[in-house]
Amino acid sequence: MNKTLLASVLLSALFSSTTFAAEELSTENAAYTPSEPLVLEPVVATPENGLSPIEDEVPKFDDTMHYFVGLTGGMADMSFSLVHATSSSDKVSASSPDASGFAGADIGFYTAGGNGRIYYSYQKMSGESEFENKKIADTDVTLHLLSADYIFLADKAINPFIGAHVGYMIAETTSEKYGSYKQSNPVLGIQAGVAWRISDHFTTEIGARHTASQRKDQNYWSGSKVDPEDVVYPNTQSDLKSITTFYMSANYRF
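So, on to the overall build of the chain. The helix and strand inventory of the chain stands at one helix and twelve strands. Starting at the N terminus, the α and β elements of the chain follow one another as α-β-β-β-β-β-β-β-β-β-β-β-β. Looking at the 254 residues of the chain, the share that counts as buried comes to 32%. Contacts in the chain between residues far apart in sequence, at least 24 positions, make up 66% of those at least 6 positions apart.

For the rest of this paragraph, the subject is the pairing of strand β2 (residues 91–94). Taking every second residue as pointing to the same face, the buried face of β2 carries V92 and A94, while none of K91 and S93 on the other face is buried. Of the strand pairs in this sheet, strand β1 (residues 66–85) and β2 are connected by four bridges, and their pairing is antiparallel. Among the inter-strand pairings, V83 is bridged to a residue of β2, identified as S93. Counting the residues that bridge the hairpin from β1 to β2 gives five residues.

It is worth spelling out the packing of aromatic side chains at this point. On inspection of all chains with the given rule, the structure shows six aromatic pairs. When the ring of Y252 is compared with that of F254, the centres are 5.1 Å apart and the planes differ by 80°; the resulting orientation is edge-to-face. What makes Y252 partly exposed here is its relative accessible area of 29%. A network of ring pairs unites the aromatic residues F68, Y110 and Y119 as a single cluster. Just above the ring of Y247 sits the side chain of R209; from NZ or CZ to the centre is 5.0 Å.

Time to look at the layout of surface pockets. The computed volume of the largest pocket comes to approximately 270 Å³. Along the wall of the largest pocket there are 13 residues; nearest its centre are K134, K135, I136, A137 and K177. Mapped onto the lining of the largest pocket, the elements with two or more residues apiece are β5 (134–151) and β6 (158–175). With five residues, β5 is the largest single contributor of residues to the lining of the largest pocket. Per-class residue counts for the lining of the largest pocket are five nonpolar, two polar and six charged.

Below, the discussion takes up the nonpolar core. One finds M125, V141, L240 and I243 to be the most contacted residues of the largest nonpolar core, which totals 29 residues. It is β5 that contributes the most residues to this core, six residues altogether. If near-sequence neighbours (up to four positions away) are discounted, M125 is found in contact with A76, M78, G101, F102, T139, D140, V141, L143, I243 and T245.

Here we come to the confidence of the model for the chain. Averaged over every residue, the pLDDT of the chain is 81; the share at 70 or more is 71%. Per-element confidence in the chain is highest for strand β8 (residues 202–213), whose mean pLDDT is 97, and lowest for helix α1 (residues 2–31), whose mean pLDDT is 50.

It is worth spelling out empty space enclosed by the protein at this point. Summed over all chains, the structure comprises two cavities of 30 Å³ or more. Here the largest cavity defines a volume of roughly 80 Å³. F61, Y110, G114, R117, I151, N159, P160, F161, A195, R197 and T203 are the residues that line the largest cavity. Residue assignment for the lining of the largest cavity shows that the elements contributing at least two residues are β6 and β7 (179–197). No other element matches β6, which puts three residues into the lining of the largest cavity. Considered class by class, the residues forming the lining of the largest cavity number six nonpolar, three polar and two charged. The calculated volume of the second largest cavity comes to roughly 40 Å³. Around the second largest cavity, the lining residues are F68, D106, R117, Y119, E205, R209, Y247, S249 and N251. The set of elements that each furnish at least two residues to the lining of the second largest cavity consists of β4 (116–131), β8 and β12 (235–253). Class assignment for the residues of the lining of the second largest cavity results in three nonpolar, two polar and four charged.

This part is about the environment of A112. Summarising the element assignment, A112 is placed in the loop between β3 (100–110) and β4. Once the C-alpha coordinates of A112 and M65 are considered, the two residues, 47 residues apart in sequence, prove to be 4.7 Å apart.

Right, let's talk about the pattern of salt bridges for a bit. Using the criterion set out here, one finds four salt bridges in the structure. The residue D149 makes a salt bridge to R117 at a minimum N-O spacing of 2.9 Å. Within this pair, whereas D149 is found in strand β5, its partner R117 is found in strand β4, the two being separated by 32 residues in sequence. For D149, a relative accessible area of 6% gives the class buried. Taking relative accessible area as the criterion, R117 reaches 4% and is therefore assigned buried. The partner of R117 in a salt bridge is E205, and the shortest N-O contact between them spans 3.0 Å. Here E205 lies in strand β8 and R117 lies in strand β4, a separation of 88 residues in the sequence. Neither R117 nor E205 differs from the other in exposure class; each is buried.

Cut-off values and rules
- Residues numbered from 1 in each chain as written.
- Predicted model: local features only at pLDDT ≥ 70, side-chain atom pairs only at ≥ 80, totals over all residues.
- Heavy atoms only, no water.
- Helix = DSSP H or I, 4+ residues; strand = E, 2+ residues; numbered from the N terminus.
- Buried < 20%, exposed > 50% of the residue type's maximum accessible area, 1.4 Å probe, protein only.
- Contact = heavy atoms within 4.5 Å.
- Pairing = 2+ DSSP bridges.
- Phe/Tyr/Trp six-rings, centres within 6.5 Å; stacked < 30°, edge-to-face > 60°.
- Lys NZ or Arg CZ within 6 Å of the ring centre and 35° of its normal.
- 1 Å grid on protein atoms, 1.4 Å probe; cavity = no way out; pocket = protein on both sides within 12 Å on 5 of 7 lines; lining within 4 Å.
- Points joined across faces, edges and corners; volume = space filled by probe spheres on them.
- Nonpolar A, V, L, I, M, F, W, Y, C, P; charged D, E, K, R; others polar.
- Core = buried A, V, L, I, M, F, W, Y, C linked by side-chain atoms within 4.5 Å.
- pLDDT = per-residue confidence, 0-100.
- Salt bridge = Lys/Arg side-chain N within 4 Å of Asp/Glu carboxyl O.

As structure tokens, this is what we get:
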């Protein structure tokens, strides 16, 4: 009997406490009313808060011309033929030089707005020709090029470009067996690549350039005499037909 009465009293007290807590929570919630609705507003970049608009992070060209200088380097692949003949049936044909490194420099200007550029390039490269896995000749080449590029997306940080060039080539081939010969003639070519503007002044780029010789015929080396009707042996002929380069450049714009 005492146990039953005690259990009833505990249950009654627990129920009363729970009811009181629920009423108190309801009263607190009813008492809170926000003075203004919560609204999320975008943060506007202003000089006062030290922020800058995103579009200002991309360096833009202005409406004036800007000069630039650059250094370039990469790999050069020459299309070169060399034939030494001791008779009409006994001829040695060396292979084209293997791809080798080259280096150069550029100087020129960007047009207003940055949509184009015109520049002079100086490039120096060399290669070895082989016959039966033995070096038979060395060829040193110097290129003087005048190029013009059209630049796409000039208002962006990444700028694809395409262009063409004209110029002059000086190539000297030297062989311990056959002597030496210098080839000089005009060249024409095209180039394409992608530039990345790091800042207002610095730009890097990668690209490819193909330069073709404008000489039509192979020439006999100095010291070899050829009669129009009778070829004199021994004789040596060579011709540098074209050069393809894959390069990287770093430019500084003033």
